Amino acid sequence: MSARAGHVTYREATRQAIRAAMRADPRVFLMGEDVGAYGGCFAVTKGLLQEFGPERIRDTPLSESAFVGAGIGAALGGMRPIVEIMTVNFSLLALDQILNNAATLCHMSGGQFGVPLVIRMATGAGRQLAAQHSHSLEGWYAHIPGLRILTPATIDDARGMLSSALASPDPVLIFESIALYNTEGELTPGLERVEIERAAVRRPGRDITLITYGGSLHKCLAAAGELAGAGIEAEVLDLRTLRPLDDETVMSSVRRTHRALIVDEGWRSGGLAAEVCTRIVEQAFYDLDAPVARVCTAEVPLPYPRHLEDAALPSPERIVAAVRGLIA
Amino acid sequence: MSAPPPGPTMREHGLHLLREMLRIRCFEDRCVPLYGEQKIRGFMHLYNGEEAVAVGVMQALEPQDAIVSTYREHGHAIARGLTMGAIMAELYGKRTGSSGGRGGSMHIFDAATRFYGGNAIVGGGLPLAVGLALAEKLQQRSGIAACFFGEGAVAEGEFHESMNLAALWHLPVLFLCENNLYAMGTALARSEAETEIHLKARGYRVPSLPVDGMDVFAVEGAARDAVARIRGGEGPLLLELRTYRFRAHSMFDAQLYRDRAEVQTWQEKGPIITLTKRLKAAGLMTEEDFQRLEHEAQEEVEAAVAFAERSDWEPVADLERHVYAERVQ
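Below is a short write-up of the structure. (Residues numbered from 1 in each chain as written. Chains lettered and ligands numbered in written order. Predicted model: local features only at pLDDT ≥ 70, side-chain atom pairs only at ≥ 80, totals over all residues.)

1. With respect to the sheet that holds strand E7 (residues 172-177) of chain A
Residues and elements named next belong to chain A.
Here is step 1 of the chain: Strand order in this open sheet of seven strands is E3-E2-E4-E5-E7-E6-E12, and the pairing throughout is mixed. Pairing within the sheet leaves two strands with one partner each, and these edge strands are strand E3 (57-59) and strand E12 (241-243). Across the sheet, the mean angle separating the axes of adjacent strands is 20 degrees when strand polarity is ignored.
Here is step 2 of the chain: Bridge count between strand E2 (residues 28-32) and E3: three bridges; the pairing is parallel. Within the sheet, the bridge partner assigned to Gly32 lies in E3 and is Asp59.
Here is step 3 of the chain: On top of the sheet, helix H3 (residues 64-76) reaches E2, strand E4 (80-87) and strand E5 (118-123); it is set at about 160 degrees to E4, its chief contact. (Pairing = 2+ DSSP bridges. Helix = DSSP H or I, 4+ residues; strand = E, 2+ residues; numbered from the N terminus. Axes fitted to C-alpha atoms, helices over the stretch in contact; angles between N-to-C directions. Contact = placed C-beta atoms within 7 Å.)

2. Some details on the environment of Gly215(A)
All names here are of chain A.
Here is step 1 of the chain: Inspection of the secondary structure puts Gly215 in the loop between strand E10 (208-212) and helix H9 (217-229).
Here is step 2 of the chain: Accessibility expressed as a C-beta count within 10 Å gives 24 for Gly215, which makes it buried.
Here is step 3 of the chain: With 194 residues separating them in the primary sequence, Gly215 and Ala21 have C-alpha atoms 24 Å apart.
Here is step 4 of the chain: Residues contacting Gly215, with those up to four places away along its chain left out, are Gly124, Gly126, Ser177, Ala179, Leu180 and Glu265. (Buried ≥ 20, exposed ≤ 12 C-beta atoms within 10 Å, placed from the backbone.)

3. Brief notes about the interface of chain B and chain A
The extent of an interface is frequently quoted as the accessible surface area lost upon association of the parts.
Here is step 1 of the chain: Each partner contributes to the interface: chain B provides 37 residues, whereas chain A provides 34 residues.
Here is step 2 of the chain: Ranked by the residues each element gives to the side of chain B that touches chain A, the list is headed by helix H5 (residues 125-138) of chain B, at 10 residues.

4. Observations regarding the sheet that holds strand E2 (residues 115-119) of chain B
Residue and element names in this part refer to chain B.
Here is step 1 of the chain: Across the sheet, six strands lie side by side as E2-E1-E3-E4-E8-E7; this open sheet has parallel pairing. Each of the sheet's edge strands pairs with one partner strand only, and the pair in question is E2 and strand E7 (208-212). Each strand axis lies, on average, 15 degrees off the axis of its neighbour in the sheet, ignoring direction.
Here is step 2 of the chain: Running over the sheet, H5 touches strand E1 (66-70), E2, strand E3 (145-150) and strand E4 (173-179) and is turned about 170 degrees from E3.

Have a look at this one:
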């Protein structure tokens, strides 16, 4: 799918980022399942094999643990690998390497070894892919010290976060929302790199802060548009980075709006939304005019049929309803 | 025309191998009372009986080679050339330890000697070795990755995934399976349908060989051949080093799974005893030589203990350091 004139898709922005990184640094290479000949499970890497050849665009066997571990080893050995995992559900096969090695080696070695590795993976639901291809587990990964967790939700972030991630001496996981690949927008001309430690206000407002990230950003923006029609000005805050969390930007917004709703495609119990909520309660309790609330995914493995999948996920309607519950 | 530079004599080389094994043995033996005194805590796995494997293999490796090891790695680290003081201080948890005290017995790391741990997830080091070898290949460097793991690791998926990937990509990895017959307390035949471990490599088109891991010359010879082939571009290779651990799996092991007679039989063919007998029988070494080597090793160990004792603890204020890499200012 090609974008309108002057626009690029999230997919194309991601591909541009990979291409630019490969051109800029000979240490960068990409490996993963079907990234080469097939062009990527979600077509992100289409054409890159032809441009860079099989040494730098490496198709791997279905061995998540081995190729993620090999990415860690290659990073230790002086390379700057980008490892693609098809979906976050498959990343669980490599969880040993991600947690026990990538996140741990720097500390366990007394700071002798950093792991400058980037792992990209698709996350989230909305494509009727059922319960083994649709989950949002980035909140789990955000639990792990030693990792940096990025969730690009905009075209600029899809384009600019990879370069920043590759410049980091630490392992960085980038979660690309499946629902966003076909979205399109203008790319800031000349943008190569964005900072990756701060949240961003995507729509200013004074009555409530909608705190979200990734695929849920656009649902929040849609909800905010609808609320504006009813005279409620919602501020929409895109976390962008789930670890480390940018408390300062979150609290600064909540202290102005006095209300917070967290929208997170992960499950509610023990999830990222719970962490953000706790931080608000710890740091901005006396600024609140209403309890902090959450809109999360229903606590079921995601079902296949459209109507049930829709019912399970955060939606503009659920967000609007939750906001109305907080602003009586 | 000048003669080629003389290599070490048989006597010198034999004594060198014996010295290295004695250094490991004395270090490990000294750890036992230190553990009893609670100077060393956590899990600790001793290498007694397996010294010929570490010492033999290290003779074949060069400084540019990367080494990935297991949680039973004191011997590998000593044979690789880390100082005993840094290793002992690590076991104590002191800041002068090889990992700054953060790792302990199971996580010895050393950038200077390219020693990448100290991996305590069985099988978890194999993918790292594949990646380190990939980095060598992509950067057109001459190093290889040498990866130690126990026979218990071959039951893990990571072993099979890593063998396949290394073979598929023709990477310079030396897989070193230390087969000491027990995965903790589970005998090989109770966990593997195919107990000839080296045969498993064939399914991945990785050349492999069983080696008498109690014979340091056999290990050295096999490792030198393997390293030459790998460095020559032949791709990965696996050695199954047949050995035996004389002590318990860790310090919490009543050894209910094996009988004393079996342990004794293996001790009689231990790597240090057999090399000592061979060197003496060949007239290359005297009892005085042996006594001197053992004494020197013990003195080195005592100096390491003294170093660990007098070293400082890392301040608690630094607890959260090294979670993320510290950028060079």
